[in-house]
Amino acid sequence: MTARAADRTRYERATAHLDAPIAVVDLDAFDANADDLVRRAAGKPIRVASKSVRCRTLLERVLARPGFAGVMSFTLAESLWLARAGFDDVLLAYPSADRSAFAELAGDPKLAAAVTVMVDDHAQLELIDAARAGGQEEIRVCLELDTSLRLLGGRVRIGALRSPLRSPAQLAELARSVARRPGFRLVGLMAYEGHIAGVGDSVAGRPLRSRAIRLMQATARKELAARRAEVVRAVRTVAPDLEFVNGGGTGSVQHTAAEPAVTEIAAGSGLYAPRLFDNYTSFAARPAALFAQPVVRRPGVGVVTVLGGGYPASGAAGADRLPVPYLPEGLRYDPQEGPGEVQTPLLGAPADDLLIGDKVWFRHAKAGELCERFDELQLIEGDRVTATVPTYRGEGQTFL
């Protein structure tokens, strides 16, 4: 029996009493992935990205483990919700225009002490000040550095379109603006190298592309390490008491941790290990988050149809954004239909062994986005469901 077949046996036994659709997290795999992230971080703390988890119970579980400290959130409303729930170190990874949430932040000392907001533009400081509604609490601020790789004199750009701040002089200038502005305190720097951390360097069946990605990433790592160190030096001349310099992502943990200028690593997707993280040479994680859909039709030989399943991930549309049939092994989509909103035909020899009501297990392309489809997660240990816990959605929270 293959390891995947053994996992299927465990999942089937654990969820025999549950009707699909369901979503599960294999805690044995989740904990093993957490341990591997800590190993790769080599002593630097990991700030867990809530966007990739979207379940308070599992955020609490991973933060209770040695090597993890703090949350990286994705909206200001989520940041405040987590802070009210007792999370005392929440870094908002994206700028916000949520005026009512800024008013709440500026008016509550507990929230203001727990939450750090992201800024990369003077206009964002203006917006926050205009939104205070009389609140006088000091706002903790983090500046974001553009990590993109520029080639051919800047004519070629590789990396996400995030911060406009690229040079040490630009970061230092905004740092001075924060320092001069009453009601704000600069406490951190962040730089997310998505073109390194979020792009697999071993694409199945594409050896030339994989080699080109590895070459690009090696070049990008070298350039960014030097520039990030210069930026940190420049900003520390303005804010010598800077609390943290955050960098990385699941795919680059060990490389970013090796930079002396970086004090902490961000990671989250590696806990669930969705399908987009299968294509890396530097690490191998265990799939921990899956969802199951029930077989509801058998249209013919070598075909079954499951209910729903059309859960595409965000990003540029393409086959890599689709969930994949995972268990039993050997199933594939009908190219004429693909995964559908209300039904998904699946082809392959294993279909003939499936009965009406049986479960087919899928892996989502991304990590936390799965939780936008399900109210709860079944937590599996060994071959038992040991807890049923709400996702953000299950707690009535849909932040985006």
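Residues numbered from 1 in each chain as written. Predicted model: local features only at pLDDT ≥ 70, side-chain atom pairs only at ≥ 80, totals over all residues. Heavy atoms only, no water.

## Section: a nonpolar patch on the surface
Among the surface-exposed residues, L151, L152 and V156 lie close enough to one another that they form a single nonpolar patch of about 230 Å² accessible area. Its location among the elements puts L151 in strand β7 (residues 149-151). A relative accessible area of 32% places L151 in the partly exposed class. (Patch = residues over 30% accessible without salt bridge, like charges linked within 9 Å, V, L, I, M, F, W, Y side chains within 5 Å. Areas by Shrake-Rupley, 256 points an atom, 1.4 Å probe, with all protein chains shown as cover. Salt bridge = Lys/Arg side-chain N within 4 Å of Asp/Glu carboxyl O. Helix = DSSP H or I, 4+ residues; strand = E, 2+ residues; numbered from the N terminus. Buried < 20%, exposed > 50% of the residue type's maximum accessible area, 1.4 Å probe, protein only.)

## Section: the UniProt feature "domain: Alanine racemase N-terminal" (unreviewed entry) in the protein
Summarizing the sequence annotation, UniProt attributes the feature "domain: Alanine racemase N-terminal" (unreviewed entry) to residues 25-272 in the numbering used throughout. Taken end to end, residues 25-272 has its terminal C-alpha atoms 8 Å apart, with 46% of it in helix and 19% in strand. (UniProt positions renumbered as here; feature names shortened; annotations may be inferred.)

## Describing the nonpolar core
In this structure, L58, V117, L143, Y272 and L377 are the most contacted members of the largest nonpolar core, which totals 91 residues. Counting residues per element, this core draws most heavily on helix α2 (residues 27-41), which supplies 6 residues. Apart from residues no more than four positions distant in its own chain, V117 is found in contact with L76, L92, F102, L105, I128, I139, R140, V141 and C142. Residues Y11, I22, L290 and W361 belong to the second largest nonpolar core, which totals 12 residues. (Core = buried A, V, L, I, M, F, W, Y, C linked by side-chain atoms within 4.5 Å. Contact = heavy atoms within 4.5 Å.)

## What about the pairing of strand β5 (residues 115-119)?
Counting buried positions along β5 gives 5 out of 5 residues, so the element sits mostly inside the fold. A two-sided burial pattern is seen for β5, the buried positions comprising V115, V117 and V119 on one face and T116 and M118 on the other. Bridging between strand β4 (residues 90-92) and β5 involves 2 bridges; their strand directions are parallel. Bridge pairing links L91 to T116 in β5. In terms of strand pairing, β5 meets strand β6 (residues 139-144) through 4 bridges, oriented parallel. Following the sheet pairing, M118 is matched in β6 by C142. This β-α-β element, β5 to helix α7 (residues 122-131) to β6, shows right-handed connectivity. (Pairing = 2+ DSSP bridges. Right-handed = clockwise from strand over helix to strand, strands pointing away.)

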